[in-house]
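Okay, here's what each chain looks like letter by letter:
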Amino acid sequence: MISYPPEPFRIKVVEKIQLLDREAREKVMEEAGFNVFNIASKDVYIDLLTDSGTGAMSDQQWSAIMQGDEAYAGARSFYRLKESVEKIFSFRYFIPTHQGRAAENILAELLVRPGTMVPSNTHFDTTQANILARGGRPENLVISESEDPSTRYPFKGNMDVAKLERVIEEVGTENIPLGMITITNNASGGQPVSMENIRQASEVYRRHKIPFFIDACRYAENAFFIKSRESGYENKPLLQIANEIFSYADGVIMSAKKDAIVNIGGFLAMNDEQLFNQARNKLVLREGFPTYGGLAGRDLDAIAVGLWEGLEESYLEYRVGQTKYFGERLLQIGVPIVEPPGGHAIYVDAGMMLSHISRDIFPGQALSIELYLEGGIRAVELGSVAFAYEDPSTGETIYPALEMLRLAIPRRVYTRAHFDFVVDVFGRIMENRETIPGYRLTYAPKLLRHFTAAFEPVQ
Ligand SMILES: Cc1ncc(COP(=O)(O)O)c(C=O)c1O
């Protein structure tokens, strides 16, 4: 019997959802060009497209919203957020942004030049796209254990530090404007990164004088994994673990839509005063005055409170336990997933589940379509549609290691019965999986194509 953790909250507000009948779902899918991003939310029954900005805010956050100070400059809301950010992240400077990719854009504009390279364990799609958009080359150096979905290595999101050393030797420090690590490692199965690995990567970056930025949107879930899996951390408070993580870096980009459990918001924080001044100028140009970024004062207050709620141990026990329950139940019925289950999502190995579909006709996309047709469930392909790209110097197509379908879990939103429903739908798909067709692209932009691409089934 797989256990499900009781929610450390009770429900005060509800939102109605409905399951359309099969015929209506087929019509919706065709009209969406076989891309679930084009489906209206009202037509989705269980929405596992993303955990970003889709969480349920608490009564404390909603009351903080009522205290939002909407002054253009120097709002109280800014100072409340500043206090939370300083206590958890401990960088000297920070600026709010409207979401994570706005912080990425500013950083990439300031640092990335054509022909330069930015290493990470694995870049997420928006980070990858922001580096490519400036003519840079994103380099993924995740450990090889991550390529085998069934290996139960506790920190499968880790960076291969020896590889990092080799790549720096080959490319030269002058061609590496910054180095990164993503916690948890979203594009590699939502897997955590150990403290030891962050420390080692930091040591390499610092020895080579390469500024080290952490993509920190799921830092609290990562801190919880460190506490539960890494020896020496079992008795440390999560705040102390977070402080230690960030002590190894020179800055962070943060999408608050994840572990700060808000619907919009992000920030960029760093220690370098000169870089901060430049970032602030870019912010004024594109996002807004430095004390509000692209946000309303009330949004800043919701983040200030949410950052602490996202770091509570009882909440994280429930959150990670819920993901584990979902993943273990899928495994039980034979669905291949990335193991062990991570923090915010379950990643189905669609390449394996639909092995009759070759990667040029997108098994992950095919599974996302089938999941909606069978059960009104929405999930996102994270395989060759999202991540394959042309190397700017060679023109060669670089494929991701795995063809995955991500079932992301919005925070504090769905109950055990919802997950059981999704597992039942997967059960039905498993029975008829050989009949599922592949899909070919009929439209695709050059960058971030999965958001707006259109497809047709391959007969
Ligand atoms: C690891 C990672 N980095 C960056 C981002 C970008 O954040 P945002 O969606 O707020 O722009 C995301 C969003 O999904 C993410 O998962």
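Note that the coordinates shown come from a computational prediction; the quantities given were computed from them, not determined experimentally. (Residues numbered from 1 in each chain as written. Predicted model: local features only at pLDDT ≥ 70, side-chain atom pairs only at ≥ 80, totals over all residues.)

Participant: Is there a simple way to explain the overall build of the chain in this structure?
Facilitator: A count of helices and strands for the chain gives 16 helices and 16 strands. Its C-alpha radius of gyration of 21 Å places the chain within 12% of the 23 Å reference for a compact globule of 459 residues. Counting only C-alpha atoms, the chain reaches 60 × 55 × 45 Å along its principal axes. By the burial criterion, 51% of the 459 residues in the chain qualify as buried. When contacts within the chain are restricted to residue pairs at least 6 apart in sequence, those whose partners lie at least 24 apart make up 71%. (Helix = DSSP H or I, 4+ residues; strand = E, 2+ residues; numbered from the N terminus. Rg over C-alpha atoms; globule rule 2.2 N^0.38 Å. Buried ≥ 20, exposed ≤ 12 C-beta atoms within 10 Å, placed from the backbone. Contact = placed C-beta atoms within 7 Å.)

Participant: Can you walk me through the environment of V262 in this structure?
Facilitator: The topology assignment puts V262 in the loop between strand 7 (251-255) and strand 8 (266-270). Judged by the 30 C-beta atoms lying within 10 Å of it, V262 is buried. Sequence separation between V262 and G310 is 48 residues, and the spatial gap between their C-alpha atoms is 10.0 Å. Filtering out sequence-adjacent residues up to four positions away, V262 remains in contact with M57, A256, K257, D299, A302, I303 and G306.

Participant: Quick question: what am I supposed to make of the site of the ligand here?
Facilitator: Contacts to the ligand come from 14 residues, most closely from Q99, G100, R101, F124 and S255. Considered class by class, the residues forming the shell around the ligand number 2 nonpolar, 9 polar and 3 charged. (Near = placed C-beta within 6 Å. Nonpolar A, V, L, I, M, F, W, Y, C, P; charged D, E, K, R; others polar.)

Participant: Got a minute to help me understand the domain arrangement of the chain in this structure?
Facilitator: Frequently, the measure chosen for interface size is the accessible area that the parts lose on association. Entries for the chain in the domain assignment read domain 1 (22-51 + 318-457) and domain 2 (59-309). On a C-alpha basis, the centres of domain 1 and domain 2 stand 26 Å from each other. Elements supplying a minimum of two residues to the side of domain 1 that touches domain 2: helix 12 (313-332), strand 9 (345-349) and helix 15 (384-387). Of the residues contributing to the side of domain 1 that touches domain 2, the split by class is 16 nonpolar, 3 polar and 5 charged. (Domains from an automatic or database assignment.)

Participant: Which parts of the structure should I look at to understand the pairing of strand 7?
Facilitator: It is a general feature of regular strands that their side chains alternate between the two faces of the sheet. Among the 5 residues in strand 7, 5 count as buried, and that is most of the element. Burial of the side chains of strand 7 extends over both faces: G251, I253 and S255 are buried on one face and V252 and M254 on the other. Bridge count between strand 6 (residues 212-215) and strand 7: 3 bridges; the pairing is parallel. Its bridge partner being in strand 7, F213 is matched across the sheet by G251. As judged from the 5 bridges shared by strand 7 and strand 8, these two strands associate in the antiparallel manner. Counterpart to M254 in the pairing with strand 8 is F267. (Pairing = 2+ DSSP bridges.)

Participant: In this structure, what is going on with the packing of helix 2 (residues 59-66) against helix 11 (residues 297-309)? I would like to understand it.
Facilitator: Each pair of packed helices can be described by the angle between their axes along with the distance between the axes. It is the contact of helix 2 with helix 11, at a shortest axis distance of 8 Å, that shows an interaxial angle of 150 degrees. Taken as a pair, helix 2 and helix 11 cross one another with a handedness that is right-handed. Between helix 2, through Q60, Q61, A64 and I65, and helix 11, the contact on the second element is made entirely by R298, D301, A302, A304, V305 and G306. Along the lines of polarity and charge, the residues of the contact of helix 2 with helix 11 split into 5 nonpolar, 3 polar and 2 charged. (Axes fitted to C-alpha atoms, helices over the stretch in contact; angles between N-to-C directions. Left-handed = near helix turned anticlockwise from the far one by under 90°.)

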